[in-house]
Amino acid sequence: MRTYQLIAPAKINLYLEIIGDRLDGYHELVMILQSIELSDRLEIRSNGTQDINLHCNHPLVPVDQTNIAYRAAQLMLEQFPQAFANYGGVDITINKQIPVAAGLAGGSTDGAAVLVGLNLLWELGLTIPQLQRLGEKLGSDVPFCVSGGTAIATGRGEKLDPIQDLDNLWLVLAKYNNLSVSTPWAYKTYKQQFGESYINDTTGIQSRTSQLHSGPFVQAISHKEGQKIGNLLHNDLEKVVLPEYPQVAQLKEILQQAGGLGTMMSGSGPTVFTLCQSQTEAETIKKIARKKIEDPNLEFWVTKLSSNGISIMDEQ
Ligand code: ATP
């Protein structure tokens, strides 16, 4: 039986605007999503049993049905019973490199990798859009994680419109490993505080989406203008997360003062990133921030923007 090794990249939000709420309980969003090179590694192989076995090297990641990778395998089993009957169950091993509960879609990208991996292992021949439609059932970020790169995401984040790939910039990510922010809490609090300004009519939502499409941010991306991109970074969730988590607000301020093209919290946080022109600049900013905040719980990663979604590292 073959074994597939997959690379599952994290993502950051270069832009996150909350437009309104939806009947399904989610929010109507307009975002620019961006893959980064910081990635989990997954190994997927048939095990000749009827079971899904999940292993992960990270103590905070569950290895039961609550893991998105496990749910992805379950979904494929349900959708393709004939393939399951032919090939049997799977062993999935996650080598976690992406910080957990960090606003970097670590779980979603593992789920996306299992969809891609089982498509190969079971020789299903599903296309990327077909895999993305399955991914929607697992979580709003999963369809993006399948294809990766740079994309405008609307709806609850599952409707994607790829734009010019942006892979020339570096970034430094910083996160307190003893801090996590609940995504449902962040959206609920945002609604309590800013719900009055929500737009919920289709025309209004479409108009916000087309404003982003034809606006300066997408233009700056298509011309790869790093400084303009840095100036235009935006995340509505900062309005509720930063006041509640002063440590994150202070981290953002220190990173901002240390230089780079622009600093922003990713998703619902608490990870903060600074975009940089070069690896050297990112390493310098990391050093400055590390000196200013001497907290052993503060972790840094220097990585690069990436144009890749899930990719195959090895097939045996
Ligand atoms: P997003 O940006 O999509 O909101 P996140 O980066 O904030 O996600 P995750 O790392 O995906 O957060 O983890 C959120 C929670 O999901 C974790 O606390 C963990 O209990 C659970 N989880 C389930 N599957 C995974 C997985 N494969 N990797 C990491 N966490 C997982």
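Since the structure is predicted, the reported quantities are computational estimates derived from the model, not experimental observations.

**Considerations on the overall build of the chain**
Then, in step 1: Helix and strand counts for the chain stand at 12 helices and 12 strands.
Then, in step 2: In terms of C-alpha radius of gyration, the chain reaches 19 Å, essentially the compact-globule figure of 20 Å for 316 residues.
Then, in step 3: Once the C-alpha set of the chain is aligned to its principal axes, its extents read approximately 55 × 50 × 35 Å.
Then, in step 4: Looking at the chain residue by residue over its 316 residues, the buried ones come to 55%.
Then, in step 5: Considering only contacts within the chain whose residues lie at least 6 apart along the sequence, 76% involve residues at least 24 apart.
Then, in step 6: Accessible surface, the chain as shown: approximately 13600 Å² in total, 47% of it carbon and sulfur.
Then, in step 7: Where the 25 positive side-chain charges of the chain centre and where its 33 negative ones centre are 3 Å apart.

**Overview of the packing of helix α1 (residues 68-79) against helix α3 (residues 106-121)**
Then, in step 1: Between α1 and α3, the least distance of the axes is 7 Å, while the angle of their chain directions is 30 degrees. Considering the relative orientation of α1 and α3, their crossing is right-handed. Side by side, α1 and α3 meet where Ile-68, Ala-69, Ala-72, Ala-73 and Met-76 of the first sit next to Gly-107, Ser-108, Asp-110, Gly-111, Val-114, Leu-115, Leu-118 and Asn-119 of the second.
Then, in step 2: Residue composition of the contact of α1 with α3, grouped by class: 8 nonpolar, 4 polar and 1 charged.

**Side note on the site of the ligand**
Then, in step 1: Not every one of the 19 residues close to the ligand is listed here, only the nearest: Ala-101, Gly-103, Ala-105, Gly-107 and Asp-110.
Then, in step 2: Contact distances for the ligand include 3.1 Å between a nitrogen atom and a side-chain N or O atom of Lys-96.
Then, in step 3: Contact between the ligand and Gly-106: an oxygen atom at 3.5 Å from a main-chain N or O atom of the residue.
Then, in step 4: Compared with its free state, where it exposes 610 Å², the ligand has 77% of that area covered by protein.
Then, in step 5: At 4 residues, α3 tops the list of elements feeding residues into the shell around the ligand.
Then, in step 6: Classifying every residue of the shell around the ligand by side-chain character gives 8 nonpolar, 7 polar and 4 charged.

**Observations concerning the state of the cysteines**
Then, in step 1: Inspection of every chain in the model, using the stated rule, returns 0 disulfides.
Then, in step 2: Left unpaired, Cys-145 is separated from the closest cysteine sulfur, that of Cys-56, by 16 Å.

**Digging into helix α12 (residues 279-292)**
Structural remark: α-helix, 3.6 residues per turn; residues separated by three or four positions point the same way.
Then, in step 1: Taking 1.5 Å of rise per residue, the 14 residues of α12 would be expected to cover 20 Å, and the 20 Å separating its terminal C-alpha atoms lies within 8% of that figure.
Then, in step 2: Among the residues making up α12, those that are buried are Ala-282, Ile-285 and Ala-289. The buried side chains of α12 occupy one side of the element, clustering within an arc of 65 degrees when seen end-on. Turned more than 90 degrees away from the buried face of α12, the exposed residues are Thr-280, Lys-287 and Lys-291.

**A look at the sheet that holds strand β10 (residues 272-276)**
Note on sheets: strands pair through backbone hydrogen bonds, and any given pair is parallel or antiparallel.
Then, in step 1: Strand order in the open sheet formed by 4 strands is β9-β10-β7-β11, with antiparallel pairing between adjacent strands. The outermost strands of the open sheet, each flanked by one partner alone, are β9 (262-265) and β11 (298-304). In this sheet, adjacent strand axes meet at a mean angle of 20 degrees when their direction is disregarded.
Then, in step 2: Summarising the sheet, β9 and β10 pair through 4 bridges and their orientation is antiparallel. Note that in β10 the partner of Thr-263 across the bridge is Thr-274.

**Some words on the domain arrangement of the chain**
Then, in step 1: Splitting the chain by domain gives domain 1 (3-165 + 307-315) and domain 2 (170-304).
Then, in step 2: Using C-alpha coordinates to define each centre, domain 1 is positioned 23 Å away from domain 2.
Then, in step 3: Summing both sides of the interface, domain 1 and domain 2 together bury roughly 3100 Å²; the carbon and sulfur share of this comes to 65%.
Then, in step 4: The salt bridge partner of Arg-208 is Glu-17, with a shortest N-O separation of 2.5 Å.
Then, in step 5: Linking domain 1 with domain 2 are 17 residue pairs in polar contact (both at pLDDT 80 or more).

**Regarding the packing of α3 against helix α4 (residues 128-136)**
Then, in step 1: Axis separation between α3 and α4 bottoms out at 10 Å; the angle between their running directions is 130 degrees. Our classification of the angle between α3 and α4 gives oblique. As for how α3 packs across α4, the hand of that crossing is right-handed. Where α3 approaches α4, its residues Leu-115, Val-116 and Asn-119 are matched on the opposing element by Leu-131, Leu-134 and Gly-135.
Then, in step 2: A breakdown of the residues in the contact of α3 with α4 according to their chemical character gives 4 nonpolar, 2 polar and no charged.

Cut-offs used in this document
Residues numbered from 1 in each chain as written. Predicted model: local features only at pLDDT ≥ 70, side-chain atom pairs only at ≥ 80, totals over all residues. Heavy atoms only, no water. Helix = DSSP H or I, 4+ residues; strand = E, 2+ residues; numbered from the N terminus. Rg over C-alpha atoms; globule rule 2.2 N^0.38 Å. Buried < 20%, exposed > 50% of the residue type's maximum accessible area, 1.4 Å probe, protein only. Contact = heavy atoms within 4.5 Å. Areas by Shrake-Rupley, 256 points an atom, 1.4 Å probe, with all protein chains shown as cover. Lys, Arg positive; Asp, Glu negative; His and termini not counted. Charge placed at Lys NZ, Arg CZ, Asp CG, Glu CD. Axes fitted to C-alpha atoms, helices over the stretch in contact; angles between N-to-C directions. Left-handed = near helix turned anticlockwise from the far one by under 90°. Nonpolar A, V, L, I, M, F, W, Y, C, P; charged D, E, K, R; others polar. Near = heavy atom within 4 Å. Polar contact = N/O pair within 3.5 Å; in protein donor to acceptor, adjacent residues only side chain to side chain. Disulfide = S-S within 2.5 Å. Expected span 1.5 Å × (residues − 1). Arc of directions from axis to C-beta. Pairing = 2+ DSSP bridges. Domains from an automatic or database assignment. Buried area = accessible area lost by both parts, 1.4 Å probe. Salt bridge = Lys/Arg side-chain N within 4 Å of Asp/Glu carboxyl O. Parallel < 35°, antiparallel > 145°, perpendicular 65-115°, else oblique.

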